[in-house]
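Breakdown of the fold
Residues per chain, in single letters:
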Amino acid sequence: MDSKMKKAEVLVVDDHSLIVEGICRVVNAMPEAVVADATTSGKKALELIAKRDYDIYILDVSMPEVSGFDLIAQIRELNEDARIIVNTQHEEVWIVNRLAQSGVNAVTLKSSDSNELTNAIRSVLRGESYACGRFAALCQKLKRGTEGIFPRETLTRREREVLQALAKGLNSHEIAEQLHVSENTVETFRRRLMAKFGAKNAIDLVVKAIAQGWITLE
């Protein structure tokens, strides 16, 4: 690399200081990039994002006060072409599903080798997307799990409302009050949903519905 070439400036955001230090070491060891700012605070990250544009953003998604998904939305609002890398420990199906649909440029898992992060940075600098091997495998598993899913129109509007209410942890009585129907009606919808998703219980139902993209957790 030409020593006169400007390095890509990176913002690092993670609520664990040791993780931030580790990412900074990886980035600063690269000839192509340098950490311009790093913070363990989502609120501080919002302030930094509002003040300037970075070449690359490396974020975690699970943080107190301001989540990584909120940061992604803010960054995209200011610059829809921003290059965003998510580096996370989360492998839960709903997180994988949400990340796969988030439009970020790359995803690496904290359980992966540090060279995955290096590969991700170099890929996004070339204008390419990147997923570490573990995350790519999880996405493929999720995709296989949703193949052959019944078409969206087979869920009625009321069934979707009951499904979303179940995802929020409401019981049949609370759902009945919210939807202005009887508890028996709610139980009927619940049984229909369990049959359609092949679910064993309410938790299994919600997990499958999230994995297949029918609902999202707020």
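In this report, the structure presented in the accompanying data block is examined.

Scoring rules and cut-offs
Residues numbered from 1 in each chain as written. Predicted model: local features only at pLDDT ≥ 70, side-chain atom pairs only at ≥ 80, totals over all residues. Heavy atoms only, no water. Helix = DSSP H or I, 4+ residues; strand = E, 2+ residues; numbered from the N terminus. Contact = heavy atoms within 4.5 Å. Lys, Arg positive; Asp, Glu negative; His and termini not counted. Charge placed at Lys NZ, Arg CZ, Asp CG, Glu CD. Buried < 20%, exposed > 50% of the residue type's maximum accessible area, 1.4 Å probe, protein only. Pairing = 2+ DSSP bridges. Right-handed = clockwise from strand over helix to strand, strands pointing away. Axes fitted to C-alpha atoms, helices over the stretch in contact; angles between N-to-C directions. Parallel < 35°, antiparallel > 145°, perpendicular 65-115°, else oblique. Left-handed = near helix turned anticlockwise from the far one by under 90°. Nonpolar A, V, L, I, M, F, W, Y, C, P; charged D, E, K, R; others polar.

Across its full length, the chain holds 10 helices and 6 strands. With respect to the principal axes defined by its C-alpha atoms, the chain has extents near 70 × 35 × 30 Å. A separation threshold of at least 6 residues defines the contact pool for the chain, and within that pool the share at least 24 residues apart is 60%. Counting 29 positive and 31 negative side-chain charges, the chain places the centres of these two groups 4 Å from one another.

This next bit is on the pairing of strand β5 (residues 106–109). Of the two faces of β5, both are covered, the one formed by Ala106 and Thr108 as well as the one formed by Val107 and Leu109. Two strands pair when backbone bridges link them, and strand β4 (residues 83–88) and β5 are joined in this way by 4 bridges, in the parallel orientation. Bridged to Thr88 within β5 is Leu109. The parallel pair β4 and β5 is bridged by helix α4 (residues 93–100), and the resulting crossover is right-handed. Sheet topology note: the β5/strand β6 (residues 130–131) ladder contains 2 bridges and is parallel. Bridging from a neighbouring strand, Ala106 pairs with Tyr130 of β6. In terms of handedness, the path from β5 via helix α5 (residues 114–125) over to β6 forms a crossover that is left-handed.

Read from one edge of the open sheet, 6 strands run β2-β1-β3-β4-β5-β6, paired in parallel fashion. Taken across any chain shown, the strands that pair with only one partner, and hence form the sheet edges, are β2 (33–39) and β6. Taken strand by strand, helix α2 (residues 42–51) contacts β1 (8–13), β2 and β3 (56–59), and its axis lies near 130° from that of β2.

Orientation of helix α9 (residues 183–197) relative to helix α10 (residues 202–211), taken along the N-to-C sense of each, is 60°, at an axis distance of 10 Å. Between α9 and α10, the angle is such that the two are oblique. Crossing geometry of α9 relative to α10 is assigned as left-handed. Judged by residue contacts, Arg190, Leu193, Met194 and Phe197 of α9 engage Ala202, Leu205, Lys208 and Ala209 from α10. Among the residues making up the contact of α9 with α10, the classes are represented as 6 nonpolar, no polar and 2 charged.

What follows concerns the packing of helix α7 (residues 157–167) against α10. One can describe the packing of α7 onto α10 by two numbers: an axis separation of 10 Å at closest approach and a directional angle of 110°. In terms of orientation, α7 lies roughly perpendicular with respect to α10. For the element pair α7 and α10, the recorded crossing hand is left-handed. Along the contact surface, α7 presents Leu163, Leu166 and Ala167, while α10 presents Leu205, Val206 and Ala209.

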